[in-house]
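The lines below spell out each chain.
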Amino acid sequence: GAMDWRATLSAVSLHQETASFVRGADAYEDRELSRTNSDPDAFRDALAIRASVELRTLLDNGWQVSLTPYARFNEMKFRMHFLPSKALEESGHQSLGLISSLSRDFEAGRVTLGFDYEQTRGDLTETQTRATIFSYTQGDHYDYEVNSGVSALYAQAAWRPVPHVTLHAGLRLEHTRFDYTNHLAANTIGRFLRLPNRSDDFTVLTPHIGANWQVASGTNLFARLARGARAPQVAELYRLQINQQIEDIEAETLDSLETGVRFSTPSGSSLQLAVFVMRKHNVFFRDADGFNVTDGRTRHAGLELSARHELTEVLALSFAGSWSRHEYDFNRNVGRASEVITAGNRIDTAPDWLWTTSMDWQVSAPLTASLSWSHVGSYFTDAANEHSYAGHDVWALRTRYQMTDQIEFFATIRNLLDERYATRADYAFGSERYFPGEPRALSVGVRVRG
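Below, the structure is looked at part by part.

Criteria and cut-off values
Residues numbered from 1 in each chain as written. Predicted model: local features only at pLDDT ≥ 70, side-chain atom pairs only at ≥ 80, totals over all residues. Heavy atoms only, no water. Helix = DSSP H or I, 4+ residues; strand = E, 2+ residues; numbered from the N terminus. Buried < 20%, exposed > 50% of the residue type's maximum accessible area, 1.4 Å probe, protein only. Areas by Shrake-Rupley, 256 points an atom, 1.4 Å probe, with all protein chains shown as cover. 1 Å grid on protein atoms, 1.4 Å probe; cavity = no way out; pocket = protein on both sides within 12 Å on 5 of 7 lines; lining within 4 Å. Points joined across faces, edges and corners; volume = space filled by probe spheres on them. Nonpolar A, V, L, I, M, F, W, Y, C, P; charged D, E, K, R; others polar. Pairing = 2+ DSSP bridges. Phe/Tyr/Trp six-rings, centres within 6.5 Å; stacked < 30°, edge-to-face > 60°. Lys NZ or Arg CZ within 6 Å of the ring centre and 35° of its normal. Core = buried A, V, L, I, M, F, W, Y, C linked by side-chain atoms within 4.5 Å. Contact = heavy atoms within 4.5 Å.

A tally of regular secondary structure across the protein chain gives two helices and 26 strands. In terms of its C-alpha atoms, the protein chain occupies a principal-axis envelope of roughly 70 × 55 × 50 Å. Across the 450 residues of the protein chain, 37% fall into the buried class. When the accessible surface of the protein chain is split by element, carbon and sulfur atoms take 57% of a total near 24,800 Å².

Right, dumping it as C-alpha coordinates:
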(Lines give C-alpha, C1' and ligand atoms only; values in the text may rest on other atoms or scores of the structure.)
Protein backbone atom coordinates (compact mmCIF):
# COMPACT_ATOMS: atom_id res chain seq x y z
CA GLY A 1 0.00 0.00 0.00
CA ALA A 2 1.35 3.39 1.07
CA MET A 3 4.34 1.78 2.80
CA ASP A 4 7.54 1.25 0.82
CA TRP A 5 9.83 -1.39 2.25
CA ARG A 6 13.14 -3.06 1.54
CA ALA A 7 14.55 -6.09 3.36
CA THR A 8 18.27 -6.87 3.41
CA LEU A 9 20.08 -9.97 4.62
CA SER A 10 23.84 -10.46 4.38
CA ALA A 11 26.30 -12.99 5.74
CA VAL A 12 30.10 -13.11 5.61
CA SER A 13 32.26 -16.06 6.63
CA LEU A 14 35.99 -15.36 6.77
CA HIS A 15 38.77 -17.94 7.19
CA GLN A 16 42.03 -16.04 6.93
CA GLU A 17 45.53 -17.42 7.22
CA THR A 18 47.13 -14.25 8.49
CA ALA A 19 50.58 -13.25 7.27
CA SER A 20 52.97 -11.41 9.54
CA PHE A 21 55.47 -8.65 8.82
CA VAL A 22 58.60 -9.24 6.77
CA ARG A 23 61.61 -7.61 8.41
CA GLY A 24 64.71 -5.82 7.19
CA ALA A 25 65.50 -2.73 5.13
CA ASP A 26 63.24 -2.67 2.03
CA ALA A 27 62.34 -6.33 2.66
CA TYR A 28 59.11 -5.90 0.63
CA GLU A 29 61.23 -5.63 -2.55
CA ASP A 30 62.45 -9.23 -2.14
CA ARG A 31 59.83 -11.32 -3.96
CA GLU A 32 60.69 -14.58 -2.20
CA LEU A 33 60.87 -13.00 1.25
CA SER A 34 57.55 -11.24 0.72
CA ARG A 35 55.88 -14.65 0.24
CA THR A 36 57.10 -16.01 3.59
CA ASN A 37 55.17 -15.99 6.86
CA SER A 38 57.04 -15.93 10.15
CA ASP A 39 53.80 -16.71 12.02
CA PRO A 40 52.25 -19.67 10.17
CA ASP A 41 49.91 -20.39 13.09
CA ALA A 42 48.30 -16.95 12.86
CA PHE A 43 44.67 -16.92 11.71
CA ARG A 44 41.38 -15.07 11.87
CA ASP A 45 38.03 -16.89 11.62
CA ALA A 46 34.97 -14.68 11.66
CA LEU A 47 31.24 -14.90 10.99
CA ALA A 48 29.01 -11.85 10.56
CA ILE A 49 25.27 -11.80 9.83
CA ARG A 50 23.19 -8.66 9.25
CA ALA A 51 19.45 -8.31 8.73
CA SER A 52 17.36 -5.15 8.38
CA VAL A 53 14.02 -3.92 7.09
CA GLU A 54 13.71 -0.32 5.88
CA LEU A 55 10.16 1.06 6.02
CA ARG A 56 9.15 4.42 4.48
CA THR A 57 5.79 6.13 4.22
CA LEU A 58 4.46 9.62 3.51
CA LEU A 59 1.87 10.93 5.95
CA ASP A 60 -1.10 13.04 4.89
CA ASN A 61 0.40 16.15 6.50
CA GLY A 62 3.53 15.93 4.35
CA TRP A 63 5.92 14.35 6.88
CA GLN A 64 7.95 11.36 5.70
CA VAL A 65 8.56 8.57 8.22
CA SER A 66 11.50 6.16 7.98
CA LEU A 67 11.94 3.19 10.32
CA THR A 68 14.78 0.66 10.03
CA PRO A 69 14.88 -2.11 12.62
CA TYR A 70 17.95 -4.34 12.36
CA ALA A 71 19.74 -7.28 13.94
CA ARG A 72 23.43 -8.22 13.94
CA PHE A 73 25.38 -11.31 14.96
CA ASN A 74 29.18 -11.53 15.06
CA GLU A 75 31.73 -14.01 16.35
CA MET A 76 35.49 -14.25 15.83
CA LYS A 77 38.56 -16.28 16.78
CA PHE A 78 41.84 -14.47 16.29
CA ARG A 79 45.47 -15.36 17.00
CA MET A 80 47.21 -12.21 18.26
CA HIS A 81 50.39 -13.03 16.37
CA PHE A 82 51.80 -9.50 16.60
CA LEU A 83 52.31 -9.76 20.39
CA PRO A 84 54.89 -11.86 22.28
CA SER A 85 52.00 -13.71 23.97
CA LYS A 86 50.58 -15.11 20.69
CA ALA A 87 47.33 -15.19 22.70
CA LEU A 88 44.03 -16.45 21.31
CA GLU A 89 41.21 -13.92 21.33
CA GLU A 90 37.59 -15.10 21.10
CA SER A 91 34.86 -12.50 20.90
CA GLY A 92 31.32 -11.94 19.70
CA HIS A 93 28.23 -9.80 20.06
CA GLN A 94 24.55 -9.76 19.21
CA SER A 95 22.66 -6.52 18.60
CA LEU A 96 19.10 -5.32 18.06
CA GLY A 97 18.54 -1.75 16.98
CA LEU A 98 16.33 0.85 15.35
CA ILE A 99 17.20 3.81 13.11
CA SER A 100 14.31 6.24 12.66
CA SER A 101 13.67 9.66 11.19
CA LEU A 102 10.83 12.09 10.57
CA SER A 103 11.42 14.67 7.81
CA ARG A 104 9.51 17.25 5.86
CA ASP A 105 10.24 19.64 3.01
CA PHE A 106 9.09 23.24 3.32
CA GLU A 107 9.16 26.08 0.83
CA ALA A 108 12.33 27.48 2.38
CA GLY A 109 14.08 24.30 3.44
CA ARG A 110 13.89 20.88 5.11
CA VAL A 111 13.66 19.62 8.70
CA THR A 112 14.65 16.15 9.95
CA LEU A 113 14.11 14.72 13.44
CA GLY A 114 15.35 11.31 14.51
CA PHE A 115 15.81 8.71 17.21
CA ASP A 116 18.29 5.81 17.17
CA TYR A 117 18.61 2.95 19.64
CA GLU A 118 20.72 -0.19 19.94
CA GLN A 119 20.97 -2.92 22.59
CA THR A 120 24.03 -5.20 22.47
CA ARG A 121 25.35 -8.17 24.41
CA GLY A 122 29.02 -8.95 23.82
CA ASP A 123 31.78 -11.10 25.32
CA LEU A 124 35.55 -11.48 25.02
CA THR A 125 38.22 -13.89 26.23
CA GLU A 126 41.99 -13.72 25.76
CA THR A 127 44.12 -16.78 26.62
CA GLN A 128 47.87 -17.37 26.39
CA THR A 129 48.97 -21.01 26.06
CA ARG A 130 52.70 -20.40 25.56
CA ALA A 131 55.01 -19.96 28.56
CA THR A 132 55.22 -16.62 30.31
CA ILE A 133 57.38 -14.15 28.36
CA PHE A 134 58.23 -10.71 29.76
CA SER A 135 55.02 -9.41 31.37
CA TYR A 136 52.80 -11.57 29.14
CA THR A 137 51.73 -14.31 31.55
CA GLN A 138 50.55 -17.81 30.66
CA GLY A 139 46.86 -18.45 31.22
CA ASP A 140 43.71 -16.35 31.02
CA HIS A 141 44.22 -12.63 30.51
CA TYR A 142 40.59 -11.52 30.20
CA ASP A 143 37.14 -13.09 30.32
CA TYR A 144 34.22 -10.67 30.47
CA GLU A 145 30.85 -9.82 28.97
CA VAL A 146 29.23 -6.44 28.49
CA ASN A 147 25.64 -5.42 27.97
CA SER A 148 25.43 -2.01 26.34
CA GLY A 149 22.71 0.37 25.28
CA VAL A 150 23.05 3.35 22.95
CA SER A 151 20.27 5.89 22.44
CA ALA A 152 20.38 9.12 20.47
CA LEU A 153 18.12 12.04 19.59
CA TYR A 154 19.00 14.35 16.71
CA ALA A 155 17.62 17.22 14.67
CA GLN A 156 18.90 18.91 11.55
CA ALA A 157 17.61 21.56 9.20
CA ALA A 158 18.38 23.26 5.90
CA TRP A 159 17.06 26.80 5.38
CA ARG A 160 17.19 29.18 2.41
CA PRO A 161 16.88 32.71 3.87
CA VAL A 162 17.49 34.26 0.43
CA PRO A 163 17.76 32.74 -3.05
CA HIS A 164 21.05 30.92 -3.75
CA VAL A 165 22.03 30.68 -0.05
CA THR A 166 21.35 27.59 2.08
CA LEU A 167 22.19 27.33 5.77
CA HIS A 168 22.60 23.96 7.50
CA ALA A 169 22.55 23.13 11.21
CA GLY A 170 22.23 19.99 13.28
CA LEU A 171 22.56 18.63 16.80
CA ARG A 172 22.88 15.04 18.07
CA LEU A 173 22.69 13.94 21.72
CA GLU A 174 23.91 10.38 22.31
CA HIS A 175 24.02 8.39 25.54
CA THR A 176 25.92 5.10 25.96
CA ARG A 177 25.75 2.77 28.98
CA PHE A 178 27.95 -0.27 29.62
CA ASP A 179 27.22 -2.98 32.20
CA TYR A 180 30.43 -5.00 32.59
CA THR A 181 30.71 -8.45 34.21
CA ASN A 182 34.14 -9.97 34.90
CA HIS A 183 34.38 -13.80 35.04
CA LEU A 184 37.94 -13.86 36.45
CA ALA A 185 39.54 -12.61 39.65
CA ALA A 186 39.57 -8.81 39.79
CA ASN A 187 43.33 -8.26 40.01
CA THR A 188 46.49 -7.63 38.02
CA ILE A 189 48.30 -10.51 36.28
CA GLY A 190 51.53 -9.45 34.60
CA ARG A 191 50.60 -6.43 32.51
CA PHE A 192 46.88 -7.23 32.49
CA LEU A 193 44.47 -5.34 34.75
CA ARG A 194 41.08 -6.97 35.34
CA LEU A 195 38.40 -4.77 36.86
CA PRO A 196 35.59 -5.83 39.21
CA ASN A 197 32.00 -5.65 37.90
CA ARG A 198 30.89 -2.11 37.16
CA SER A 199 28.72 0.18 35.01
CA ASP A 200 29.80 3.23 33.02
CA ASP A 201 27.91 5.99 31.19
CA PHE A 202 29.00 8.43 28.49
CA THR A 203 27.00 11.30 26.98
CA VAL A 204 28.22 13.26 23.95
CA LEU A 205 26.75 16.28 22.16
CA THR A 206 27.77 16.82 18.53
CA PRO A 207 26.64 20.00 16.73
CA HIS A 208 27.36 21.18 13.20
CA ILE A 209 26.64 24.34 11.19
CA GLY A 210 27.31 25.10 7.55
CA ALA A 211 26.42 27.21 4.56
CA ASN A 212 26.30 26.91 0.76
CA TRP A 213 26.25 29.95 -1.54
CA GLN A 214 25.55 29.62 -5.24
CA VAL A 215 27.68 32.48 -6.53
CA ALA A 216 26.79 31.83 -10.17
CA SER A 217 25.40 29.02 -12.29
CA GLY A 218 27.61 26.01 -11.65
CA THR A 219 29.70 27.77 -8.95
CA ASN A 220 29.15 27.22 -5.22
CA LEU A 221 31.06 28.24 -2.12
CA PHE A 222 30.62 26.17 1.06
CA ALA A 223 31.81 26.05 4.67
CA ARG A 224 31.14 23.73 7.62
CA LEU A 225 32.06 23.66 11.31
CA ALA A 226 31.38 20.36 13.08
CA ARG A 227 32.22 18.21 16.08
CA GLY A 228 32.37 14.42 15.94
CA ALA A 229 32.53 12.25 19.04
CA ARG A 230 32.41 8.64 20.11
CA ALA A 231 32.17 6.87 23.43
CA PRO A 232 35.09 4.55 24.26
CA GLN A 233 34.89 1.07 22.81
CA VAL A 234 34.35 -1.85 25.17
CA ALA A 235 37.94 -3.08 24.75
CA GLU A 236 39.29 0.40 25.48
CA LEU A 237 37.39 0.49 28.77
CA TYR A 238 37.78 -3.04 30.13
CA ARG A 239 40.80 -4.57 28.41
CA LEU A 240 43.06 -2.52 30.63
CA GLN A 241 46.75 -2.77 31.45
CA ILE A 242 48.81 -1.78 34.46
CA ASN A 243 49.22 1.96 35.04
CA GLN A 244 45.78 2.63 33.54
CA GLN A 245 42.86 4.18 35.39
CA ILE A 246 39.41 3.70 33.91
CA GLU A 247 38.37 7.05 35.38
CA ASP A 248 40.84 8.74 33.01
CA ILE A 249 39.13 7.41 29.87
CA GLU A 250 36.85 9.93 28.16
CA ALA A 251 34.94 10.16 24.89
CA GLU A 252 37.11 10.91 21.86
CA THR A 253 36.25 14.16 20.05
CA LEU A 254 37.12 15.62 16.65
CA ASP A 255 36.52 19.31 15.85
CA SER A 256 36.77 20.26 12.19
CA LEU A 257 36.43 23.35 10.02
CA GLU A 258 36.36 23.13 6.24
CA THR A 259 35.64 25.53 3.42
CA GLY A 260 35.82 25.25 -0.32
CA VAL A 261 34.40 25.78 -3.78
CA ARG A 262 32.58 23.60 -6.33
CA PHE A 263 32.41 24.11 -10.09
CA SER A 264 30.35 22.19 -12.65
CA THR A 265 29.60 22.59 -16.37
CA PRO A 266 26.64 21.48 -18.49
CA SER A 267 28.96 19.05 -20.31
CA GLY A 268 29.47 17.05 -17.12
CA SER A 269 32.90 18.33 -16.03
CA SER A 270 33.29 19.23 -12.35
CA LEU A 271 35.84 20.36 -9.77
CA GLN A 272 35.78 20.66 -5.98
CA LEU A 273 38.51 22.13 -3.78
CA ALA A 274 38.31 22.05 0.03
CA VAL A 275 40.61 23.28 2.81
CA PHE A 276 40.32 21.77 6.30
CA VAL A 277 41.74 21.93 9.81
CA MET A 278 40.98 19.38 12.57
CA ARG A 279 41.79 18.75 16.24
CA LYS A 280 41.33 15.44 18.05
CA HIS A 281 41.28 14.95 21.82
CA ASN A 282 41.30 11.82 24.02
CA VAL A 283 42.79 9.80 21.16
CA PHE A 284 43.17 6.09 21.99
CA PHE A 285 46.08 4.03 20.61
CA ARG A 286 48.81 1.58 21.66
CA ASP A 287 52.33 3.01 22.10
CA ALA A 288 55.66 1.35 21.24
CA ASP A 289 55.90 -0.23 24.72
CA GLY A 290 52.59 -1.99 24.07
CA PHE A 291 50.66 0.13 26.57
CA ASN A 292 47.40 1.91 25.87
CA VAL A 293 47.29 5.69 25.50
CA THR A 294 43.87 7.20 26.29
CA ASP A 295 44.61 10.94 26.39
CA GLY A 296 46.40 11.54 23.08
CA ARG A 297 45.90 14.68 21.04
CA THR A 298 46.49 15.23 17.31
CA ARG A 299 46.11 18.07 14.83
CA HIS A 300 45.46 17.93 11.10
CA ALA A 301 45.32 20.37 8.17
CA GLY A 302 45.18 19.96 4.43
CA LEU A 303 43.69 20.38 0.98
CA GLU A 304 41.40 18.03 -0.92
CA LEU A 305 40.79 18.19 -4.67
CA SER A 306 38.46 16.17 -6.85
CA ALA A 307 37.84 16.80 -10.53
CA ARG A 308 36.38 15.18 -13.62
CA HIS A 309 36.74 16.39 -17.21
CA GLU A 310 34.92 14.99 -20.23
CA LEU A 311 37.67 14.95 -22.88
CA THR A 312 35.40 13.57 -25.62
CA GLU A 313 32.04 11.83 -25.76
CA VAL A 314 33.73 8.53 -24.85
CA LEU A 315 36.81 9.60 -22.81
CA ALA A 316 36.85 11.17 -19.34
CA LEU A 317 39.72 12.00 -16.96
CA SER A 318 39.11 12.06 -13.20
CA PHE A 319 41.24 12.87 -10.18
CA ALA A 320 40.77 12.67 -6.40
CA GLY A 321 43.55 13.46 -3.98
CA SER A 322 44.73 15.30 -0.92
CA TRP A 323 47.74 16.96 0.64
CA SER A 324 47.69 17.07 4.43
CA ARG A 325 49.84 17.25 7.55
CA HIS A 326 49.03 15.05 10.54
CA GLU A 327 50.88 15.83 13.78
CA TYR A 328 50.96 14.70 17.40
CA ASP A 329 49.91 17.45 19.80
CA PHE A 330 51.22 16.03 23.09
CA ASN A 331 54.35 14.48 24.61
CA ARG A 332 54.87 10.86 25.72
CA ASN A 333 58.04 9.02 26.70
CA VAL A 334 58.45 5.30 26.05
CA GLY A 335 61.30 2.85 26.52
CA ARG A 336 62.51 3.10 22.91
CA ALA A 337 64.07 6.39 21.82
CA SER A 338 62.78 5.95 18.27
CA GLU A 339 59.20 6.01 19.51
CA VAL A 340 59.25 8.98 21.93
CA ILE A 341 56.34 11.23 20.96
CA THR A 342 56.99 14.98 20.95
CA ALA A 343 54.37 17.59 20.14
CA GLY A 344 54.85 18.62 16.51
CA ASN A 345 56.14 15.23 15.37
CA ARG A 346 54.43 13.86 12.29
CA ILE A 347 52.07 10.95 12.93
CA ASP A 348 53.70 7.74 11.73
CA THR A 349 52.15 5.90 8.76
CA ALA A 350 50.31 9.10 7.75
CA PRO A 351 51.50 10.25 4.28
CA ASP A 352 51.25 13.86 3.11
CA TRP A 353 50.14 12.96 -0.42
CA LEU A 354 47.38 10.58 -1.49
CA TRP A 355 45.76 10.56 -4.92
CA THR A 356 44.08 8.43 -7.55
CA THR A 357 43.62 9.47 -11.17
CA SER A 358 41.88 7.46 -13.87
CA MET A 359 41.08 7.50 -17.58
CA ASP A 360 37.62 6.12 -18.33
CA TRP A 361 36.78 4.91 -21.85
CA GLN A 362 33.33 4.01 -23.16
CA VAL A 363 34.62 1.53 -25.76
CA SER A 364 31.11 0.69 -26.99
CA ALA A 365 27.59 0.76 -25.61
CA PRO A 366 28.05 -2.39 -23.49
CA LEU A 367 31.84 -2.22 -22.89
CA THR A 368 33.74 0.18 -20.63
CA ALA A 369 37.39 0.27 -19.53
CA SER A 370 39.30 2.28 -16.94
CA LEU A 371 43.03 2.74 -16.34
CA SER A 372 43.87 4.09 -12.85
CA TRP A 373 47.02 5.34 -11.12
CA SER A 374 47.09 5.40 -7.29
CA HIS A 375 49.83 7.20 -5.38
CA VAL A 376 50.78 6.94 -1.70
CA GLY A 377 53.39 9.48 -0.67
CA SER A 378 56.30 9.00 1.71
CA TYR A 379 55.66 8.83 5.45
CA PHE A 380 57.50 8.32 8.72
CA THR A 381 57.41 4.81 10.15
CA ASP A 382 58.14 5.69 13.77
CA ALA A 383 56.73 8.28 16.16
CA ALA A 384 60.10 10.02 16.62
CA ASN A 385 60.33 10.56 12.83
CA GLU A 386 63.75 8.89 12.48
CA HIS A 387 62.77 6.31 9.83
CA SER A 388 60.57 6.56 6.74
CA TYR A 389 59.01 4.74 3.79
CA ALA A 390 59.41 6.19 0.29
CA GLY A 391 55.82 5.61 -0.84
CA HIS A 392 54.65 3.88 -4.01
CA ASP A 393 52.61 4.08 -7.21
CA VAL A 394 50.27 1.31 -8.36
CA TRP A 395 48.37 1.00 -11.66
CA ALA A 396 45.21 -1.00 -12.33
CA LEU A 397 43.08 -1.84 -15.39
CA ARG A 398 39.35 -2.52 -15.07
CA THR A 399 36.81 -3.56 -17.71
CA ARG A 400 33.07 -4.16 -17.62
CA TYR A 401 30.76 -5.73 -20.22
CA GLN A 402 26.99 -5.31 -19.86
CA MET A 403 25.70 -8.42 -21.63
CA THR A 404 22.02 -7.81 -20.79
CA ASP A 405 20.09 -5.62 -18.37
CA GLN A 406 20.49 -8.36 -15.76
CA ILE A 407 23.94 -9.85 -16.49
CA GLU A 408 27.28 -8.05 -16.29
CA PHE A 409 30.81 -9.45 -16.67
CA PHE A 410 33.83 -7.68 -15.21
CA ALA A 411 37.60 -8.15 -14.93
CA THR A 412 40.38 -6.34 -13.09
CA ILE A 413 44.16 -6.48 -13.31
CA ARG A 414 45.51 -5.08 -10.04
CA ASN A 415 49.10 -3.84 -9.77
CA LEU A 416 49.37 -3.80 -13.55
CA LEU A 417 53.14 -3.09 -13.61
CA ASP A 418 53.89 -5.64 -10.85
CA GLU A 419 55.30 -2.97 -8.52
CA ARG A 420 57.07 -4.14 -5.35
CA TYR A 421 55.58 -2.06 -2.54
CA ALA A 422 54.31 -2.21 1.04
CA THR A 423 50.69 -1.74 2.08
CA ARG A 424 52.06 -0.76 5.48
CA ALA A 425 55.57 0.13 6.58
CA ASP A 426 56.61 0.28 10.21
CA TYR A 427 59.72 0.54 12.39
CA ALA A 428 59.62 -1.45 15.63
CA PHE A 429 61.89 -3.49 17.90
CA GLY A 430 65.00 -2.11 16.18
CA SER A 431 64.20 -2.95 12.54
CA GLU A 432 62.00 -2.06 9.57
CA ARG A 433 59.00 -4.27 9.01
CA TYR A 434 56.43 -4.36 6.21
CA PHE A 435 53.21 -5.88 4.96
CA PRO A 436 54.15 -6.59 1.31
CA GLY A 437 51.74 -5.43 -1.37
CA GLU A 438 49.98 -7.84 -3.69
CA PRO A 439 51.84 -8.72 -6.91
CA ARG A 440 50.12 -8.45 -10.28
CA ALA A 441 46.76 -10.22 -9.97
CA LEU A 442 43.75 -10.90 -12.19
CA SER A 443 40.18 -11.27 -10.98
CA VAL A 444 37.10 -11.93 -13.10
CA GLY A 445 33.46 -12.15 -12.15
CA VAL A 446 29.83 -11.97 -13.15
CA ARG A 447 27.06 -9.92 -11.54
CA VAL A 448 23.43 -11.00 -11.91
CA ARG A 449 20.56 -8.69 -11.00
CA GLY A 450 16.96 -9.71 -10.52
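What follows concerns the layout of surface pockets. Roughly 720 Å³ of internal volume is contained in the second largest pocket. For the second largest pocket, the lining is made up of 28 residues, of which His93, Thr120, Gln233, Val234 and Ala235 are closest to its centre. Considered class by class, the residues forming the lining of the second largest pocket number 12 nonpolar, 10 polar and six charged.

So, about the environment of Ala396. Mapped onto the elements of the fold, Ala396 is located in strand E22 (residues 392–402). For Ala396, a relative accessible area of 7% translates into the label buried. Ala396 sits 18 residues away from Arg414 along the chain, and the two C-alpha atoms are 4.7 Å apart.

For the structure shown, the criterion picks out one cavity of 30 Å³ or more. Reported here for the largest cavity is a volume of approximately 40 Å³. Residues of the lining of the largest cavity, tallied by class, amount to four nonpolar, two polar and four charged.

Next up on the list: the sheet that holds strand E9 (residues 188–189). Taken in spatial order, the three strands of this open sheet run E9-E10-E13, and their pairing is antiparallel. Each edge of the open sheet carries a strand with a single partner, namely E9 and strand E13 (240–241). In this structure, strand E10 (residues 192–193) lies alongside E13, joined through two bridges in antiparallel fashion. Among the inter-strand pairings, Leu193 is bridged to a residue of E13, identified as Leu240.

Before going further, it helps to spend a moment on the packing of aromatic side chains. Throughout the structure, instances matching the rule amount to 19 aromatic pairs. A centroid spacing of 6.0 Å and a plane angle of 65 degrees characterise the contact between Tyr136 and Phe192, whose relative ring orientation is edge-to-face. One end of the pair, Tyr136, is in the loop between strand E6 (109–128) and strand E7 (139–162); the other, Phe192, is in strand E10, with 56 residues separating them in the sequence. Just as Tyr136 is buried, Phe192 falls in that class too. The interplanar angle of 5 degrees and the centroid separation of 5.5 Å between the aromatic rings of Trp373 and Trp395 together place this pair among those described as stacked. Taken together, the residues span a long stretch of sequence, with Trp373 in strand E19 (residues 367–376) and Trp395 in strand E22 at a distance of 22 residues. On the accessibility criterion, Trp395 (29% relative accessible area) is partly exposed. Joined through ring pairs, the aromatic side chains of Tyr144, Phe178, Tyr180, Phe202 and Tyr238 make up one cluster. Here the guanidinium or amino end of Arg44 rests over the ring plane of Phe78, the centre of that ring lying 4.1 Å away. Taking the ring centre of Phe222 as reference, the NZ or CZ of Arg262 above it sits at 4.1 Å.

In this structure, Tyr144, Leu195, Leu237, Tyr238 and Ile246 are the most contacted members of the largest nonpolar core, which totals 22 residues. Elements with a minimum of two residues in this core: strand E4 (64–79), E7, strand E8 (165–182), E10 and helix H2 (234–238). With residues up to four places along the chain from it excluded, the contact list for Leu237 reads Phe178, Leu195, Phe202, Pro232, Ile246 and Ile249. Counting 10 residues, the second largest nonpolar core, distinct from the first, contains Val22, Tyr421, Ala422 and Tyr434.

Taken together, the three strands give an open sheet; going across it, the order is E2-E25-E24, and neighbouring strands pair in antiparallel fashion. With partners counted over all chains shown, the strands left at the sheet margins are strand E2 (22–23) and strand E24 (422–428), one partner each. Here E2 runs beside strand E25 (residues 431–436); their pairing, made up of two bridges, is antiparallel. Bridge pairing links Val22 to Tyr434 in E25.

Attention shifts here to the side chain of Ser85. With respect to the element layout, Ser85 can be found in the loop between E4 and strand E5 (88–106). Not counting the four nearest positions on each side in its chain, Ser85 is found in contact with Gln128, Arg130, Tyr136 and His141.

Take the pairing of strand E14 (residues 252–264) next. Pairing analysis gives 12 bridges linking strand E12 (residues 219–230) to E14, with the strands arranged antiparallel. Directly across from Phe222, in E14, lies its bridge partner Gly260. With 12 bridges joining them, E14 and strand E15 (residues 270–286) adopt antiparallel strand pairing. Each bridged residue has a counterpart across the sheet, and for Leu257 the counterpart in E15 is Val277. What sits between E14 and E15 in their antiparallel hairpin is a turn of five residues, with Gly268 showing a positive phi close to 110 degrees.

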